[in-house]
Amino acid sequence: MTKRRAVIAGGGIGGLACGLALAKTGWDVEVLEQAPELREVGAGIQVSPNGMAMLERLGVLPLIEDTLFEPDAIELRIGRTGRKVFRLPMKGYAQNRWGHRFIQIHRADLHDALVNALRAQPSAQLRTNAKVTGYVRERGGASVYLERGDRVFGDLLVGADGVRSEIRGQMCGPDRARFTGNVAWRSVVPVAALGDNAPPPFGVIWAGRGKHAVTTRVKGGSHVNFVGIVEQDDWTEEGWSIPGSIEDALADFGDWQPCLRSVLEASSGLFRWALYGRPPLAMWCDGPVTLLGDAAHPMLPSMAQGAVMALEDAVVLADVLSQDSDRARAVQTYEALRKPRVTRVQARSAANARMFHRHNGLAQLGTYGPMAVASRLSPTIIQQQQDWIYGFDAGA
Ligand SMILES: Cc1cc2nc3c(=O)[nH]c(=O)nc-3n(C[C@H](O)[C@H](O)[C@H](O)COP(=O)(O)OP(=O)(O)OC[C@H]3O[C@@H](n4cnc5c(N)ncnc54)[C@H](O)[C@@H]3O)c2cc1C
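I will try to describe carefully the structure that is included in this document. Just so it is clear, the model here is predicted, and its values are computed rather than measured. (Residues numbered from 1 in each chain as written. Predicted model: local features only at pLDDT ≥ 70, side-chain atom pairs only at ≥ 80, totals over all residues. Heavy atoms only, no water.)

**Thoughts on the sheet that holds strand β16 (residues 242-243)**
Strand order in the open sheet formed by eight strands is β5-β4-β13-β14-β15-β12-β17-β16, with mixed pairing between adjacent strands. Looking at the sheet topology across the chains shown, the edges are occupied by β5 (84-89) and β16. Sheet analysis places strand β12 (residues 178-190) next to strand β17 (residues 271-277), joined by seven bridges and oriented antiparallel. The residue of β17 that forms the bridge with Val 183 is Ala 274. On the sheet, helix α10 (residues 327-356) packs against β4 (73-78), β13 (203-208) and β14 (211-218) and is oriented at approximately 65 degrees with respect to β13. (Pairing = 2+ DSSP bridges. Helix = DSSP H or I, 4+ residues; strand = E, 2+ residues; numbered from the N terminus. Contact = heavy atoms within 4.5 Å. Axes fitted to C-alpha atoms, helices over the stretch in contact; angles between N-to-C directions.)

**Let's talk about the sheet that holds strand β11 (residues 156-159)**
Overall, mixed pairing links the six strands, which are arranged β7-β2-β1-β11-β19-β18 in an open sheet. Pairing within the sheet leaves two strands with one partner each, and these edge strands are β7 (124-127) and β18 (285-286). Where β18 meets strand β19 (residues 289-291), two bridges bridge the pair, whose relative direction is antiparallel. Across the sheet, Asp 286 pairs through a bridge with Val 289, a residue of β19.

**Looking at the packing of helix α2 (residues 49-57) against helix α9 (residues 306-323)**
For the pair α2 and α9, the least separation of the axes is 9 Å and the interaxial angle reads 40 degrees. As summarised for this structure, α2 and α9 are arranged oblique, according to the angle between their axes. Both α2 and α9 take part in a crossing whose hand is left-handed. Residue-level inspection shows Asn 50, Gly 51, Met 54, Leu 55 and Arg 57 of α2 in contact with α9, the latter providing Val 308, Met 309, Leu 311, Glu 312 and Val 315. (Parallel < 35°, antiparallel > 145°, perpendicular 65-115°, else oblique. Left-handed = near helix turned anticlockwise from the far one by under 90°.)

**Observations concerning the pairing of β4**
The element β4 is extensively covered by neighbouring structure, given that six of its six residues are classed as buried. Alternating positions in β4 separate into two faces, Ala 73, Glu 75 and Arg 77 on one and Ile 74, Leu 76 and Ile 78 on the other, with burial throughout. Relative to β5, β4 is paired through five bridges, and the arrangement is antiparallel. Paired with Leu 76 across the bridge in β5 is Phe 86. Counting the residues in the hairpin turn of β4 and β5 gives five residues, including Gly 82, whose phi is positive at 80 degrees. (Buried < 20%, exposed > 50% of the residue type's maximum accessible area, 1.4 Å probe, protein only.)

**Examining the environment of Tyr 334**
Position of Tyr 334 among the secondary structure elements: in helix α10. By relative accessible area, which is 0% here, Tyr 334 ends up buried. Each C-alpha atom of the pair Tyr 334 and Asp 150 lies 29 Å from the other, and the pair is 184 residues apart in sequence.

**Some details on the site of the ligand**
Close to the ligand lie 31 residues, the nearest being Gly 14, Glu 33, Gln 46, Arg 107 and Asp 294. A distance of 2.8 Å separates an oxygen atom of the ligand from a polar backbone atom of Gln 46. If you list the elements that add at least two residues to the shell around the ligand, you get α1 (13-24), β3 (44-47), β17 and α9. Residue composition of the shell around the ligand, by class: 14 nonpolar, eleven polar and six charged. (Near = heavy atom within 4 Å. Polar contact = N/O pair within 3.5 Å; in protein donor to acceptor, adjacent residues only side chain to side chain. Nonpolar A, V, L, I, M, F, W, Y, C, P; charged D, E, K, R; others polar.)

**Here we look at unusual backbone geometry**
The phi dihedral of Asn 129 is positive, around 55 degrees, even though this residue is not glycine. Asn 129 gets classed as partly exposed once you look at its relative accessible area, which sits at 36%. Even without glycine at this site, Ala 304 takes up a positive phi of about 55 degrees. With respect to the element layout, Ala 304 can be found in the loop between β19 and α9.

Structural data, given as structure tokens:
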């Protein structure tokens, strides 16, 4: 029997995971990445237990063991005062409650692991300098057009080309990704550069008026990862890696806890990153063509679930395709299985951003006061609220 061939547009976390999941279930795979090199931006990422379940299924865990960091807990604190709202235990606890660890890792380390795992699959190819500009359905599959002129055919085409997806643009009509009104600061700093003033060695969400920050550890715990999300009226610069000045970052976070100030002051590379999104799509499929990850469902990072949802998508898509040889029907099953969950996560991410950004003292008190009291009276109440996200095994 001739092997089925999948073409994947985009070599980010979603596209690589999808290539790996398909190669492991018998597909010939070609991943087409527009960039000249396969790499991720310099920032951290959190992978919750539901994402770790996917990485385990994909056989990637041994490749990240040396670089991941398992935090003791995640805390919500007030950025200015440092006052704790609640603490969600993680180390040991996550494995027991949700079946897998909760980890923090540098994006490049996760990305490299996925690249290496994919390269180890004899039936997979990765091509860089391969910008996809559109597709045509033909011969029961689809061909993509590359900017450089070639045309690449697959029995299946997956658009994993991010929030500004060309595949989605053609499938669903040209609509521009919308600026969400939030800009992200990011920086990674060695702990050793911070002396006694490093953020706590676990995950902290620092909430404030119209903004929040998150500090995590990456590179096995040796580096602090800082992300600061700030509401802003408009944004005109395109791109993911716009350098920003320490002065501008301090204007946003300088009067928060001293450990945050010390991270910004010690930063040798501070970048800003405009956050774009779009409302949930009416459809993700066109015959044997489908979408995955941010191309299908971009979301604000306030639940740390965007990449994790892409990992879940990848495993589910490969699973349904291995159970149904009718590809057009299988991708519809994939969409039907994934849409309710990712739509809920998109909505919760937006709600979390609003919750972390309460604009005045009264609203903060009304939100965080009851949370702090509830988590003291009933210590597992916050954990229970995470069960539907973290306790879900998309491959089961
Ligand atoms: C500040 C911030 C913090 C975050 N933190 C977390 C977190 O802690 N946990 C989490 O799970 N998620 C997090 N996310 C979300 C996560 O980063 C994204 O959801 C995830 O990267 C999506 O992966 P993707 O592969 O779908 O898309 P992308 O990462 O955007 O990858 C798309 C790839 O496609 C390529 N491409 C684009 N167009 C084309 C084309 N035409 N042809 C060929 N290639 C193309 C791009 O170069 C890129 O390599 C965060 C996001 C932000 C902004």
